[in-house]
Amino acid sequence: VPSTCELILGLPEETKESHLAGIKTAIDADIDDISLYTCMLLRNTTLSENPYFNRFGIVEKFRVVPRACGKYMGVKIIEREKVGVSTTKLSIEEYVSLRGFHFIISSFYNLRALNEIVLYLRSINISIFDWLMKVYEYIQADSGKPGDIYNLFVNEARYELWDSEKALLDYYNDEKRFQMLLNGESGANLLQKYQAIFLNNLSYFVDL
């Protein structure tokens with residue numbers, strides 16, 4: 001029976017180290033799919049209320065909800081969500097860095113495209129988490145196609161975030177940019193988008 005777990009980045013009191021430890025625990029438990037999310041600050045929940053912003057230093061940003069836009073009765077409608085990307089224990093740079101590691105988990109592990117490698121490493125008692133961390137180090141220094149794709153992902157993860165809903169809506173109110181939302185060039189689920197790019201360039205990642 002396939003197993004899955006879900007981990008959220010950006011929760012109060014979590015650090016870069018504790019988030020990585022959570023991922024390692026899931027991999028060591030041989031979980032098949034590790035779904036990784038950014039903390040959403042949902043309306044009418046405790047986490048979205050001001051006392052928690054003050055206590056945990058939550059920094060809020062806004063981003064487009066994937067595939068949730070359209071033009072209705074001549075009006076551009078864009079769904080957006082509020083997310084927490086930084087706290088007193090997690091910097092924005094650490095957030096972006098961990099999103100980069102999420103790309104490694106999502107592509108090199110969750111997809112199972114390299115499952116033979118995973119099974120072989122497990123058979124000789126080599127830590128899959130350590131292997132993925134090594135891949136993470138290598139890809140950041142790579143000057144070839146894998147490194148380029150990784151950097152594109154990290155840049156999109158950084159620049160999909162807006163300081164305010166108004167700034168987001170003003171940007172996409174431009175007709176050309178709005179069309180980019182409609183055709184999926186902008187505002188996509190990044191992990192899903194880059195899984196497809198990973199598979200389309202699999203031989204390069206295998207070489208890495």
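Check the entry above for the structure.
Note that the structure is predicted; figures quoted are calculated from it, not measured.

Visitor: An account of the pattern of salt bridges is needed here, citing residue identities and associated values.
Guide: Here the structure, examined in full by the defined rule, presents 16 salt bridges. Where aspartate 28 meets lysine 24, a salt bridge forms, and the shortest distance between an N and an O atom there is 2.6 Å. Of this pair, aspartate 28 and lysine 24 both sit in helix H1 (residues 16-28), four residues apart, roughly one helical turn. The salt bridge involving arginine 158 is made with glutamate 93; its shortest N-O contact spans 2.9 Å. Within this pair, whereas arginine 158 is found in helix H6 (residues 145-159), its partner glutamate 93 is found in helix H3 (residues 92-110), the two being separated by 65 residues in sequence. Residue classification places arginine 158 among the partly exposed positions, given a relative accessible area of 28%. When salt bridges that share partners are traced, they join Arg63, Glu81, Arg99 and Glu160 into one network.

Visitor: Give me the nonpolar core: which residues, what numbers.
Guide: Membership of the largest hydrophobic core comes to 43 residues, with the highest contact counts inside it found for Ile27, Ile34, Phe101, Phe103, Ile104 and Leu132. With nine residues, H3 is the largest single contributor of residues to this core. Residues within four places of phenylalanine 101 in sequence aside, it is in contact with Leu20, Ile23, Phe129, Leu132, Met133 and Tyr136. Of all hydrophobic cores here, the second largest spans nine residues; its members include Phe62, Val64, Tyr172 and Phe178.

Reading the values: rules and limits
Residues numbered from 1 in each chain as written. Predicted model: local features only at pLDDT ≥ 70, side-chain atom pairs only at ≥ 80, totals over all residues. Heavy atoms only, no water. Salt bridge = Lys/Arg side-chain N within 4 Å of Asp/Glu carboxyl O. Helix = DSSP H or I, 4+ residues; strand = E, 2+ residues; numbered from the N terminus. Buried < 20%, exposed > 50% of the residue type's maximum accessible area, 1.4 Å probe, protein only. Core = buried A, V, L, I, M, F, W, Y, C linked by side-chain atoms within 4.5 Å. Contact = heavy atoms within 4.5 Å.

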